[in-house]
Amino acid sequence: MDMHALQAFVEVARRGSFSLAAEALFVTQPAVSKRVSTLEQELGARLFDRIGRKISLTEAGRALLPRARRLLIEAEDMKRFASSLSERVSGSLVMGTSHHIGLHRLPPVLKAFRASHASVNLDIRFMDSEQACHAVEQGDLELAIVTLPSSVPGNLQVEPIWTDRLHVVIEPGHPLNRGGKIPLQELAASPCVLPGSSTYTHSILKNAIADLDLELKVNMTTNYLETLKMLVKTGFGWSLIPHTMVDGDVAVLDTDLQLQRELGSVIHRQWTLSNAASAMLATLHAHAEHAGQLAI
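Residues numbered from 1 in each chain as written. Predicted model: local features only at pLDDT ≥ 70, side-chain atom pairs only at ≥ 80, totals over all residues. Heavy atoms only, no water.

## Some thoughts on a nonpolar patch on the surface
- Taken together, M1, M3, L43 and L71 make up a surface patch of nonpolar side chains, about 340 Å² in accessible area.
- By secondary structure assignment, the location of L43 is in helix α3 (residues 29-43). (Patch = residues over 30% accessible without salt bridge, like charges linked within 9 Å, V, L, I, M, F, W, Y side chains within 5 Å. Areas by Shrake-Rupley, 256 points an atom, 1.4 Å probe, with all protein chains shown as cover. Salt bridge = Lys/Arg side-chain N within 4 Å of Asp/Glu carboxyl O. Helix = DSSP H or I, 4+ residues; strand = E, 2+ residues; numbered from the N terminus.)

## Here's the deal with the packing of aromatic side chains
- Applying the stated criterion to the full structure yields two aromatic pairs.
- Their ring planes at 55° and their centres at 5.5 Å tell us that F9 and F48 sit as a pair that is tilted. With F9 in helix α1 (residues 3-15) and F48 in strand β1 (residues 48-51), the pair connects residues that are 39 residues apart, well separated along the chain.
- According to the relative accessible area criterion, F9 is buried, its value standing at 0%.
- A ring pair is formed by F18 and F48, whose centres lie 5.9 Å apart and whose planes are at 70°; its orientation type is edge-to-face. Here F18, found in helix α2 (residues 18-25), pairs with F48, found in strand β1; they are 30 residues apart in sequence, far enough to count as distant. Residues F18 and F48 agree in their burial class; the two are buried.
- These aromatic residues form a ring-pair network of at least three members: F9, F18 and F48. (Phe/Tyr/Trp six-rings, centres within 6.5 Å; stacked < 30°, edge-to-face > 60°. Buried < 20%, exposed > 50% of the residue type's maximum accessible area, 1.4 Å probe, protein only.)

## Examining the environment of Y200
- In this structure, Y200 sits in helix α9 (residues 200-208).
- C-alpha of Y200 to C-alpha of L187: the two residues are 13 residues apart in sequence and 21 Å apart in space.
- With residues near it in sequence (within four places) discarded, Y200 still touches S129, E130, C133, T147, L148 and P149. (Contact = heavy atoms within 4.5 Å.)

## Considering the pairing of β1
- Examined bridge by bridge, β1 and strand β2 (residues 54-57) share four bridges and lie antiparallel to one another. Directly across from R50, in β2, lies its bridge partner I55.
- The hairpin formed by β1 and β2 contains two residues between the paired strands, and G52 there has a positive phi angle of roughly 65°. (Pairing = 2+ DSSP bridges.)

## Describing α3
- For α3, with 15 residues, the first-to-last C-alpha span of 21 Å sits near the 21 Å given by 1.5 Å per residue.
- V32, V36, L39 and E40 are the residues of α3 that are buried. Down the axis of α3, the smallest arc covering the buried residues is 100°, so these residues share one side. More than 90 degrees from the buried face of α3, the exposed residues found are P30, K34 and Q41. (Expected span 1.5 Å × (residues − 1). Arc of directions from axis to C-beta.)

## Description of the pattern of salt bridges
- Evaluation of the coordinates by the stated rule reveals eleven salt bridges.
- The shortest N-O distance in the salt bridge between D140 and R14 comes to 2.7 Å. With D140 in the loop between α7 (129-138) and β5 (143-147) and R14 in helix α1, this residue pair connects regions lying 126 residues apart in the sequence.
- By relative accessible area, which is 29% here, D140 ends up partly exposed.
- Residue R261 is joined to D164 by a salt bridge in which the shortest nitrogen-to-oxygen separation is 3.0 Å. Of this pair, R261 sits in strand β11 (residues 259-268) while D164 sits in strand β6 (residues 156-170), placing them 97 residues apart in sequence.
- Overall, the relative accessible area of 4% leaves R261 in the buried class.
- A single salt-bridge network, built from bridges that share partners, covers E11, R14, R15 and D140.

## Some details on the environment of Y224
- Within the secondary structure, Y224 is located in the loop between β8 (217-222) and α10 (225-233).
- In this structure Y224 comes out as partly exposed when scored by relative accessible area, which is 40%.
- Remark: the alpha-carbon pair of Y224 and S98, spanning 126 residues in sequence, is separated by 9.2 Å.

## Points about the pairing of β6
- Where β6 meets β11, ten bridges bridge the pair, whose relative direction is antiparallel. Looking across to β11, one finds that T163 is bridged to E262.
- Across four bridges, β6 lies against strand β9 (residues 239-242) in antiparallel orientation. Bridge pairing in β9 places V168 opposite L240.
- Strand direction decides the pairing type here: β6 and strand β10 (residues 251-252), joined by two bridges, are antiparallel. Paired with V169 across the strands is V252, a residue of β10.

Take it as geometry only, folks, not as evidence of what the structure does.
Structural data, given as structure tokens:
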């Protein structure tokens, strides 16, 4: 069975579009259509219903999809296993990271990795940490460098690399910025802008106030920390941002909230790690240790 045909089938199913699948696979739409058609002929079953522009899986397609995904993951694992038998660091590394880590933590790491392993083709995908962990579970990413979940799925292996202190911040001219400790009841009564409710960072704050009988006045949520900082600066309310983003544009409030999150690596327990992924992890650890940032 042609792996390219299986890959085309899985991408069309994931994206609900032949054209979007073609973009993801860097081929033409007719090539994707031909691969899917060849697979349908080989299996003797229609995999998609095409009604106008709408594409949906048939019953046969729904039954085949999880098996096709497993086959593709196992094929990639075989490639990584064969590659790991040699000491050469080459090939491709598909990794995911959050926008915040990509902006504030990874640039010097990536520069060092490229200098030492120029032959590796890096495919870096920027997404929310929660999506990246799910993508590792599904086999779409070999490695993720993200905010680590507090509850780790059994098929994932996580390792902290950085400890990220979180600060309650406000616009410098805001009445809350008056010096001294701000009672949590007063903080909760003041409007805030927060990370989205589905994010690991939001969960950290939620867990910290769970037993305090406080209801926050949330004006707005977004998964982008840079956007949160902009909203704070323009007066939408207080927020929670990492230490690496604190500067003169915002004021840090003194509260009883002592919050932090762990940033680090996520891999799948069942799949072989490629030499390229191992080299990336080694580079991450070496850089964090050299900078005195390695989480303990």
